[in-house]
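Reading the structure
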Amino acid sequence: MINEEAWHRYVVGYDIEVPEERIEEEYRLVRADMKHRMMYAHMTGGETHVFPDAELAEQEDELRAAALFEAKEPLVLRDLAAKLDITVTPEELLAEAKAMAKRQGSTVEEMRRFFGEDLAFLERDVRENKIRARACAQ
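Below: a short report on this structure.

Criteria and thresholds
Residues numbered from 1 in each chain as written. Predicted model: local features only at pLDDT ≥ 70, side-chain atom pairs only at ≥ 80, totals over all residues. Heavy atoms only, no water. Salt bridge = Lys/Arg side-chain N within 4 Å of Asp/Glu carboxyl O. Helix = DSSP H or I, 4+ residues; strand = E, 2+ residues; numbered from the N terminus. Expected span 1.5 Å × (residues − 1). Buried < 20%, exposed > 50% of the residue type's maximum accessible area, 1.4 Å probe, protein only. Contact = heavy atoms within 4.5 Å. 1 Å grid on protein atoms, 1.4 Å probe; cavity = no way out; pocket = protein on both sides within 12 Å on 5 of 7 lines; lining within 4 Å. Points joined across faces, edges and corners; volume = space filled by probe spheres on them. Nonpolar A, V, L, I, M, F, W, Y, C, P; charged D, E, K, R; others polar. Axes fitted to C-alpha atoms, helices over the stretch in contact; angles between N-to-C directions. Parallel < 35°, antiparallel > 145°, perpendicular 65-115°, else oblique.

1. Looking at the pattern of salt bridges
Taken as a whole and assessed by the stated rule, the structure comprises 15 salt bridges. Measuring nitrogen to oxygen at the nearest pair gives 2.1 Å for the salt bridge that ties glutamate 110 to arginine 113. Placement of the pair is glutamate 110 and arginine 113 together in helix 6 (residues 108-115), with a separation of three residues, close to one helical turn. Each of Glu73, Arg124, Glu128 and Arg132 takes part in salt bridges that share partners, so that together they form one network.

2. Description of helix 7 (residues 123-137)
Under the 1.5 Å per step criterion, the end-to-end length of helix 7 is 21 Å for 15 residues, consistent within 8% with the ideal 21 Å. Here helix 7 has its buried residues at Val126, Glu128, Ile131, Arg132 and Ala135. Tucked inside the fold, the buried residues of helix 7 contact helix 1 (4-13), helix 4 (60-84) and helix 5 (90-104).

3. Things to note about helix 2 (residues 20-43)
Compared with an ideal rise of 1.5 Å per residue, which puts 24 residues at 34 Å, helix 2 spans 35 Å between its outermost C-alpha atoms and is within 8% of the ideal. Here helix 2 has its buried residues at Ile23, Tyr27, Val30, Met38 and Ala41. Its buried side turned inward, helix 2 meets helix 3 (52-58) and helix 4. Just beyond helix 2, the residue with positive phi is glycine 45, at close to 85°.

4. Overview of the layout of surface pockets
The space that makes up the second largest pocket amounts to roughly 170 Å³. Sorting the residues of the lining of the second largest pocket by element identifies helix 4 and helix 7 as the ones contributing at least two each. The class makeup of the residues in the lining of the second largest pocket is four nonpolar, no polar and four charged.

5. Notes on the environment of leucine 119
Mapped onto the fold, leucine 119 is located in the loop between helix 6 and helix 7. As a C-alpha pair, leucine 119 and alanine 97 span 22 residues in sequence and 7.6 Å in three-dimensional space. Discounting residues that sit within four places of it in the chain, leucine 119 has contacts with Leu93, Leu94, Ala97, Met111 and Arg112.

6. Considering the packing of helix 1 against helix 7
Axis angle and axis distance: for two packed helices, these are the angle between their axes and the distance between the axes, and together they describe the pair. Remark: helix 1 packs on helix 7, axes separated minimally by 9 Å, with the N-to-C direction vectors making an angle of 80°. With respect to their mutual orientation, helix 1 and helix 7 come out roughly perpendicular. Seen from helix 1, the contacting residues are Ala6, Trp7 and Tyr10; seen from helix 7, they are Arg132, Ala135 and Cys136. Here the residues of the contact of helix 1 with helix 7 are counted per class, giving five nonpolar, no polar and one charged.

Here it is, written out as structure tokens:
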């Protein structure tokens, strides 16, 4: 389990160029998601957002920071993966499948049906979690 706050700080402080158009695309997605959540909350009897665009304008800095993180994180992970040469063992894949099955009230057999008999489709997630853990431990 990694410390999400430490990982967030690591990504924000990581020296890598992020294309501006990528940040802008993420900003549009983050903003649309927030607006959708506001509308859904209102429709389901939650908080009413009379002027969602005005609320979003007030949150501009937070939304832009979230967009930067979303645009930057995959680039940081890719760069670290190339530098660190992290491997994932079959035992680690099985351990993750067991943990997922327990969290979801499922079985390892179900995980194998979803992620492949050898659990290969879990490899990327396990590798990225190992990268995050190593980066946060520095």
